[in-house]
Amino acid sequence: MHIHILGICGTFMGGLAALAREAGHRVTGCDAGVYPPMSDQLRALGIDLIEGYGADQMALQPDMYVVGNVVSRARLPDGSPKFPLMEAILESGAPYTSGPQWLCEQVLHHPSCPRHVLAVAGTHGKTTTTSMLAWILECAGLAPGFLVGGVPLDFGVSARLGASSRPTPGQGPAGAEPVFVIEADEYDTAFFDKRSKFVHYRPRTAVLNNLEFDHADIFEDLGAIERQFHHLVRTVPASGRLVVNGIEESITRVLHQGCWSEVSSFGSVVSDFSAQGDPGAFDVLHRGHKVARLEWALTGEHNQLNALAAIAAAEHVGVTPAQACEALARFQNVKRRMELRGMAGGVSVYDDFAHHPTAIRTTLDGLRRKLGSQARILAVFEPRSNTMKLGTMKSQLPWALESADLVFCHTAGLDWDAAEALRPLGVGAGHKAQVAADIDTLIGQIRAAARTGDHVVCMSNGGFGGIHPKLLAALQAAG
């Protein structure tokens, strides 16, 4: 089959393209920004990329157009379509589908190779927990397939098909179907399918890691997101397992709407799986009894909870908690999750994907726990997600940034006053918080404030204007 992917450079669609190519399909694609690193990864796989969404791409005559959720029926100020290729597809009657639907039909539940799908959902920690779970199953000999919204350092790729059959006893836990781990996003599927992506995946094991309000551009309130999570719950068979955070009231409300599968909880002292000890070194308890111990390099209570979720999910396919902890002790995390990008002038510069206030707080709290009270943390962030651009959660920013000693905010593209939102911290030179409308000014502020021994955490769900090498160069020049 020849598929042409609209929006191919997005994390999900790029991973889907890699899976399709590995499965033997001819893959081409287009995007408004064909840029590294995804463009380099795709071209290395032999995938032809086209810049833009011109209607002339109809000449490719693929068997199927696979449409990413970046595509819409939007019009430009002059009245012309923003995505002329999509308009041409609709006019011609050519076959098209969404990415999640294609993935379900051609990979996850294809009749020739149905897979046991383990789906990881939640507002925070999806990428990390998905990567943990895939690594646990890999170390247990299950050769899992996976699709992750990032690049796990242990694998070096964001997606792969994995084994076409479950390894035999002796090679890994016995079972009928090969396993596939997928990051299950609650964002909408496509402009013609407003359901969350994860309702297409039909998992036998579903992780509900946490649930907060997010994606204010498509969800009216928390209740609307809870309804989508319950749609996911409805798709899990009676023989399946729901792995749920036992300390999240929102998830409790979801389950109260109806539950038809086994439930395994984690997090609280009365949960099926709980932790005893510091997040960097703790005992894993199953219904109050110690079953394993984990000592690893990751920090923060959020990662401790992520680990418990992955351990409980892995157990459902036959991996013991002891085996899971042995794997996690060697887990290298994911690119852009507190990734040390370098040191210059005695200052450490990190890259992190945090963009929701809760994720910002847990990231900084985890680093503070690791460093202690004496080291200085400089938090640098841009409110880039759709929710943050709308200003929906701007009042939570002072709370999110409490653990930082200094705060620097990139304000380009915002319709709300970041300085006003950060005022409780004190704003301006000589105060805790500073704002800047461009990257160069922001780097100048950081360089002027940084001193030897500081830890600078740059947080964004985008490229952040290439701030990391620029900041390291500026710090190096400052001596």
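Throughout, a residue's number is its position along its own chain's written sequence, starting from 1. Under the rules for a predicted model, residues below a pLDDT of 70 receive no local features and side-chain atom pairs below 80 are neither given nor counted, while totals for whole chains, interfaces and linings still include all residues. Based on all heavy atoms of the structure, the side-chain values leave hydrogens and waters out of the count.

Topic: the overall build of the protein chain
- The helix count covers DSSP runs of H or I at least four residues long, the strand count covers runs of E at least two residues long, and both are numbered beginning at the N terminus. Along the protein chain, the regular secondary structure elements total 15 helices and 23 strands.
- The globule rule used here is 2.2 Å times the number of residues to the 0.38 power, and the radius of gyration it is set against is calculated over C-alpha atoms. Whereas a compact globule of 479 residues would reach a radius of gyration of roughly 23 Å, the protein chain reaches 23 Å, a difference of no more than 12%.
- Expressed as a percentage of the 479 residues in the protein chain, the buried residues total 58%.
- Only heavy atoms enter the contact rule, under which two residues are in contact if any of them lie within 4.5 Å. Within the protein chain, residue pairs in contact and separated by at least 24 positions form 67% of the contacts whose partners lie at least 6 positions apart.
- For every accessible area listed, the method is Shrake-Rupley and the probe measures 1.4 Å; residues are considered covered only by the protein chains on display. Accessible surface, the protein chain: about 18900 Å² in total, of which carbon and sulfur atoms supply 49%.
- All tallies of charge rest on Lys and Arg as positive and Asp and Glu as negative; His and the ends of each chain are not included. Charge positions come from single atoms, namely NZ of Lys, CZ of Arg, CG of Asp or CD of Glu. When the 40 positive and 48 negative side-chain charges of the protein chain are each reduced to one mean point, those points stand 2 Å apart. Only protein chains enter the accessibility calculation, which uses a 1.4 Å probe; a residue is then buried when its area is under 20% of its type maximum, exposed when over 50%, and partly exposed in between.

Points about unusual backbone geometry
- Within the chain, Gln61 stands out as a residue other than glycine whose phi angle is a positive 50°.
- If you trace the backbone, Gln61 turns up in the loop between β3 (48–51) and β4 (64–67).
- The class of Gln61 is exposed, set by a relative accessible area of 66%.
- Positive phi values are uncommon outside glycine, yet Arg287 reaches one of about 50°.
- Mapping Arg287 onto the fold places it in the loop between β16 (281–286) and β17 (289–295).
- Under the relative-accessibility criterion, Arg287 is labelled exposed at 59%.

So, the packing of aromatic side chains
- Here the aromatic set is Phe, Tyr and Trp, taking the six-membered ring for Trp, and pairing holds for ring centres within 6.5 Å; pairs whose planes are under 30 degrees apart are stacked, those over 60 apart are edge-to-face, and all others are tilted. For the structure on display, the rule yields seven aromatic pairs.
- With a centroid separation of 5.3 Å and an interplanar angle of 80°, the aromatic rings of Phe198 and Phe229 are classed as edge-to-face. Of this pair, Phe198 sits in the loop between β11 (193–196) and β12 (205–208) while Phe229 sits in helix α6 (residues 222–234); the two residues are 31 residues apart in sequence, bridging distant segments of the chain.
- Ring pairs connect the aromatic residues Tyr96, Phe191 and Phe192, which therefore count as one cluster.
- Between the NZ or CZ atom of Lys197 and the centre of the ring of Phe12, over which it lies, the distance is 5.9 Å. Cation placement over rings: the criterion is NZ of Lys or CZ of Arg within 6 Å of the ring centroid and within 35° of the ring normal.

Quick notes on the sheet that holds strand β2 (residues 26–31)
- Between any two strands, at least two bridges found by DSSP are needed for them to pair. Read from one edge of the open sheet, five strands run β3-β2-β1-β4-β5, paired in parallel fashion. Of all the strands in the sheet, the pair left with one neighbour each is β3 and β5 (96–98). Across the sheet, the mean angle separating the axes of adjacent strands is 25° when strand polarity is ignored.
- Interaxial angles span 0 to 180 degrees and are taken between N-to-C directions of axes, which are lines fitted to C-alpha atoms, for helices over the stretch in contact. Contacts from helix α3 (residues 84–92) reach β1 (2–6), β2, β4 and β5, with the element oriented near 135° to β1.

What to know about the nonpolar core
- As used in this record, nonpolar core signifies buried Ala, Val, Leu, Ile, Met, Phe, Trp, Tyr and Cys residues forming a set joined through side-chain atoms within 4.5 Å. Formed by 46 residues in total, the largest nonpolar core has its most connected members in Ile3, Ile5, Ile8, Leu103, Ile182 and Tyr201.
- No other element matches the six residues that helix α1 (residues 11–22) contributes to this core.
- An automatic or database domain assignment is the source of the domain bounds shown. Each of domain 1 (2–97) and domain 2 (108–329) accounts for three or more of the residues forming this core.
- Setting aside anything within four residues of it in sequence, one finds Ile3 in contact with Leu16, Ala20, Arg26, Val27, Thr28, Pro62, Met64, Val66 and Trp102.
- Leu142, Val284, Trp296 and Ala310 belong to the second largest nonpolar core, which has 42 residues in total.

What about the sheet that holds strand β21 (residues 406–410)?
- Across the sheet, which stays open at both edges, the six strands sit in the order β18-β19-β23-β20-β21-β22 with mixed pairing between neighbours. The open sheet is flanked by β18 (339–344) and β22 (433–436), the only strands paired with a single partner. Each adjacent strand pair in this sheet contributes to an overall mean axis angle of 20°, direction not counted.
- Lying on the sheet, helix α14 (residues 439–449) is in contact with β20 (377–381), β21, β22 and β23 (455–459); it crosses β21 at an angle near 170°.

Here we look at the pattern of salt bridges
- For salt bridges, the criterion is a side-chain nitrogen of Lys or Arg within 4 Å of an Asp or Glu carboxyl oxygen. If you walk through the whole model with that rule in mind, you get 21 salt bridges.
- Note that Asp193 and Arg195 form a salt bridge whose closest N and O atoms lie 2.9 Å from each other.
- Salt bridges here are not isolated pairs; linked through shared partners, they connect Asp283, Lys290, Arg293 and Glu295.

Comments concerning the side chain of Thr358
- Tracing the chain through its elements places Thr358 in helix α10 (residues 357–371).
- On the basis of relative accessible area, Thr358 is assigned to the buried category, the value being 13%.
- Every residue in contact with Thr358, bar those within four places of it in the chain, is listed here: His124, Glu212 and Trp399.

What about the environment of Pro469?
- Checked against the element boundaries, Pro469 lands in helix α15 (residues 467–478).
- Distance from Pro469 to Val349, taken between C-alpha atoms, is 9.4 Å for residues 120 residues apart in sequence.

Considerations on the domain arrangement of the protein chain
- Partitioning the protein chain into structural domains gives domain 1 (2–97), domain 2 (108–329) and domain 3 (339–477).
- One C-alpha centre belongs to domain 1, the other to domain 3; they are set 34 Å apart.

Re the packing of α1 against helix α4 (residues 99–108)
- Relative to each other, α1 and α4 sit at 30°, their axes nearing to 11 Å. When the interaxial angle is binned, α1 and α4 end up roughly parallel. Between α1 and α4 lies a crossing whose hand is left-handed. Along the contact surface, α1 presents Phe12, Met13, Leu16, Leu19 and Ala20, while α4 presents Gly99, Pro100, Trp102 and Leu103.
- Note on residue categories: nonpolar means Ala, Val, Leu, Ile, Met, Phe, Trp, Tyr, Cys or Pro, charged means Asp, Glu, Lys or Arg, and polar means any other residue, Gly included. Here the contact of α1 with α4 is composed, by residue class, of eight nonpolar, one polar and no charged. Angular relationships are summarised with four words: roughly parallel below 35 degrees, roughly antiparallel beyond 145, roughly perpendicular across 65 to 115, and oblique for the angles in between. Definitions for this section: a left-handed crossing has its near helix turned counterclockwise from the far helix by less than a right angle. A right-handed crossing has that turn clockwise.

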